[in-house]
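Observations on the three-dimensional arrangement
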Amino acid sequence: MKPDNPILAGLALLAGLIFLSPVLYSIWMSFQTSTAYYTGAVDFTLGNYRLAIGQYNFARYLLNSLIVSGAVTLIGISFATMAAYAFARYSFFGSNLLFAATVATLMIPSHISLIPNYLTLAKVGLLDSYAGLILPAISNGFAAFFLRQYIRGIPRALDEAAYMDGASPLKVLWRVIVPIAKPAILSMGLYIFITEWNNYIWPLVATSRDDLYTLQVGLARLYRINPGEGLINWPLVMAASAISMLPVIAGFVLVERHLVRGITMGAVK
Amino acid sequence: MPRKLTPYLFVLPLISFIAVFTYIPIVTSIDLSFRQWDFMTADKPFVGFENYRILFNSREFWNSVRVTVIFAFVSVPIRLMLALLIASALTRETFSRRILRGALFLPSVTSTVSIAVVFSWVFSTDYGMANGLLSLFGVEKIRWMQRPDLALGVLIFINTWKQLGYDIVIYIAGLQAIPQELYDAAAVDGGKRRHVFRRVTIPLVMPTTYFLLVISVIEAFQVFTLVSVMTEGGPAGATDLLVNLLYRIGFTFFDIGQGSALAVLLFILLIALAVIKSRVLGRKVHYEA
């Protein structure tokens, strides 16, 4: 990285702060008592978080979001990696068609499947269940496509050497391909996790029970059930909002560095 | 395990989930769009194009189309212009530019519901940040979200704020792909910065612009969360984007046939845009000799 002009650096920092000021202020606000907020005094408290987590069930929403996003990520990335491996290494009857069908999902707007998926899950009794939240989000054509490109760049000689030693295809995938493709798999996993964590319309449609709401649905409810402008307890709402966005922001900041390092170091020699 | 089956076993989980939750639903939606059904009754009588006819004759539908088109074609050009200007200022890697890039990118990975809630406060009448800032200049309190002429503009502003960082990151990648010799040549010819920007940067970054243009329009036609949390389509239908109408017809009125008809129309439109994207990009990307 090139050295920096301190004046420019200061200006850049200022611009970033101004740009993010609504979010930063909302986090500041979440630590204020509501009376302090309305009177303009400064009085810090963790009370809003205690209220959101205790009385308004955000502990449960947080758990639900972790379960749903975690399951979607783990299962989704496994399915995508397996399919990517087959598409990258085998040519089999129908492989072109199946790959085209996978890539075409990138063009297909998800709203076309909203009503049918609701009907399907209602029919098998999976509305208002973790399975109902997880299953429709599992298939990820983009991840499969991306990982296939990545795996094609791994020399086939590595597979063949493993086969010589008597490894099965599953073992080759697990012991040879996955370790080398780890940076790509991690970044795709992160992408799936963030997308699912922020998902709103499907959890909104698929759940009607408070104890199954994800953070996004719970937050939208908490905000919308407030009786009207002026009466909203903004510090409480901002604490709930912070609970829903901070894990992703923190995770992104932490993992980004790891990802960049992984991509540069894990490159195949 | 017979060798021939191996690849099929590897693709089976992904493909079966894609089939059940993506491809079969398309067929189901088309079928349901020709039927009349409200979840309650056992039979779903075939009604031909009746659902489409009702939709095409309703004021709500055309209002939604109008609002969505305005949303897309106002917000996307603003975003792209801003993004290109900022991206060209941030192309070289320095510490402060990386920080700024990170700050600009952050909203695009942040939850839309949280952003909607935060900006509901920003644009609230009595204690909001927007009116607070304007009051410094002596401007009277504005009821942003209650005024039909302003509410859509506010949503466009928020969407721009949220998506800008993504556009910038893509533009930076596009700008870095422009060969440095072209800039050197322009410098030798004594080109002014503004001139170089117009004659070299803008034309050469065109493939990226096309790409962002089409995907942003596609995405604008699918906006739902901001509307659902902030306005529910109001005031007076001023922010009733198409997916919000779809949600209302399907999951508030439980008119499955008509909801499916709207979903099918949206599907056709977005697929057409996606095809245009691959056609246009297929031809335009090869500018480097």
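Conventions we followed
Residues numbered from 1 in each chain as written. Chains lettered and ligands numbered in written order. Predicted model: local features only at pLDDT ≥ 70, side-chain atom pairs only at ≥ 80, totals over all residues. Heavy atoms only, no water. UniProt positions renumbered as here; feature names shortened; annotations may be inferred. Patch = residues over 30% accessible without salt bridge, like charges linked within 9 Å, V, L, I, M, F, W, Y side chains within 5 Å. Areas by Shrake-Rupley, 256 points an atom, 1.4 Å probe, with all protein chains shown as cover. Salt bridge = Lys/Arg side-chain N within 4 Å of Asp/Glu carboxyl O. Helix = DSSP H or I, 4+ residues; strand = E, 2+ residues; numbered from the N terminus. Core = buried A, V, L, I, M, F, W, Y, C linked by side-chain atoms within 4.5 Å. Buried < 20%, exposed > 50% of the residue type's maximum accessible area, 1.4 Å probe, protein only. Axes fitted to C-alpha atoms, helices over the stretch in contact; angles between N-to-C directions. Parallel < 35°, antiparallel > 145°, perpendicular 65-115°, else oblique. Left-handed = near helix turned anticlockwise from the far one by under 90°. Contact = heavy atoms within 4.5 Å. Nonpolar A, V, L, I, M, F, W, Y, C, P; charged D, E, K, R; others polar. Buried area = accessible area lost by both parts, 1.4 Å probe. Polar contact = N/O pair within 3.5 Å; in protein donor to acceptor, adjacent residues only side chain to side chain. pLDDT = per-residue confidence, 0-100.

As annotated in an unreviewed UniProt entry, chain B is Sugar ABC transporter permease from Martelella lutilitoris. In UniProt, chain B has this text filed under Sequence similarities (unreviewed entry): "Belongs to the binding-protein-dependent transport system permease family."

As recorded in an unreviewed UniProt entry, chain A goes by the name Carbohydrate ABC transporter permease, listed as coming from Martelella lutilitoris. Taken verbatim from the UniProt record of chain A, the Subcellular location (unreviewed entry) comment is "Cell membrane". Within the UniProt record for chain A, the comment given under Sequence similarities (unreviewed entry) is "Belongs to the binding-protein-dependent transport system permease family."

1. Comments concerning a nonpolar patch on the surface
Taken together, the side chains of I7, L8, L11, L14 and I18 of chain A make up a nonpolar region of the molecular surface, amounting to roughly 510 Å² of accessible area. Looking at the element boundaries, L8 of chain A is found in helix α1 (residues 6-30).

2. A closer look at the nonpolar core
Counting 173 residues, the largest nonpolar core has F58 and W234 of chain A together with F123 of chain B as its most contacted members. Among the elements that line this core, the one with the most residues is helix α4 (residues 58-89) of chain A, at 14 residues.

3. Things to note about the packing of helix α7 (residues 148-176) of chain B against helix α10 (residues 206-220) of chain B
Residues and elements named next belong to chain B. Running from N to C, α7 and α10 point in directions that differ by 160 degrees, and their axes come no closer than 10 Å. When the axes of α7 and α10 are compared, the pair comes out roughly antiparallel. Crossing of α7 over α10 shows right-handed handedness. Two secondary-structure elements touch here, α7 through Q163, Y166, D167, I170, Y171 and G174 and α10 through T208, T209, F211, L212, I215, S216 and E219. Its residues assigned to classes, the contact of α7 with α10 comprises six nonpolar, five polar and two charged.

4. What about the UniProt feature "transmembrane region" (unreviewed entry) in chain B?
Residues and elements named next belong to chain B. The residues that UniProt annotates with the feature "transmembrane region" (unreviewed entry) are residues 7-30, 69-91, 103-124, 202-225 and 245-276. For residues 202-225, the end-to-end C-alpha separation is 33 Å, with 79% helix and 0% strand making up the annotated structure. Across residues 245-276, the secondary structure splits into 91% helix and 0% strand, with the terminal C-alpha atoms separated by 26 Å.

5. What about the interface of chain A and chain B?
Size of an interface, as often reported, equals the accessible area lost when the parts are brought together. Across the boundary between the two partners, chain A contributes 78 residues, which contact 78 residues of chain B. Buried surface at the junction of chain A and chain B, summed over both partners, amounts to about 7,100 Å²; 77% is from carbon and sulfur atoms. The largest contributions to the chain A side of the interface with chain B come from F19, I112 and I115 of chain A, which together make up 10% of the buried area. Taken together, the connections running from chain A to chain B amount to one salt bridge. Residues E232 of chain B and R224 of chain A are paired through a salt bridge, measuring 3.0 Å at the closest nitrogen-oxygen approach. At the surface where chain A touches chain B, the tally comes to twelve residue pairs in polar contact (both at pLDDT 80 or more).

6. Remarks on the UniProt feature "domain: ABC transmembrane type-1" (unreviewed entry) in chain B
Per the UniProt record, "domain: ABC transmembrane type-1" (unreviewed entry) is annotated on residues 61-277 of chain B. Between the end C-alpha atoms of residues 61-277 of chain B the distance is 26 Å, and the span holds 77% helix and 0% strand.

7. Things to note about the confidence of the model for chain B
Residues and elements named next belong to chain B. Chain-level statistics for chain B give a pLDDT mean of 89 and a share of 96% at 70 or above. Between the elements of chain B, mean pLDDT differs from a low of 80, seen in helix α8 (residues 180-188), to a high of 96, seen in helix α1 (residues 6-33). Taken together, the stretch residues 284-289 has pLDDT below 50 and engages in ten contacts with residues farther than four places along the chain or on a different chain.

8. Description of the UniProt feature "transmembrane region" (unreviewed entry) in chain A
Residues and elements named next belong to chain A. The UniProt entry lists residues 7-28, 61-85, 97-118, 130-151, 172-194 and 232-255 under the feature "transmembrane region" (unreviewed entry), expressed in the numbering used here. Structurally, residues 172-194 is divided into 96% helix and 0% strand, and its ends, taken at the C-alpha atoms, are 29 Å apart. Taken as a whole, residues 232-255 contains 92% helix and 0% strand, while its terminal C-alpha atoms sit 36 Å from one another.

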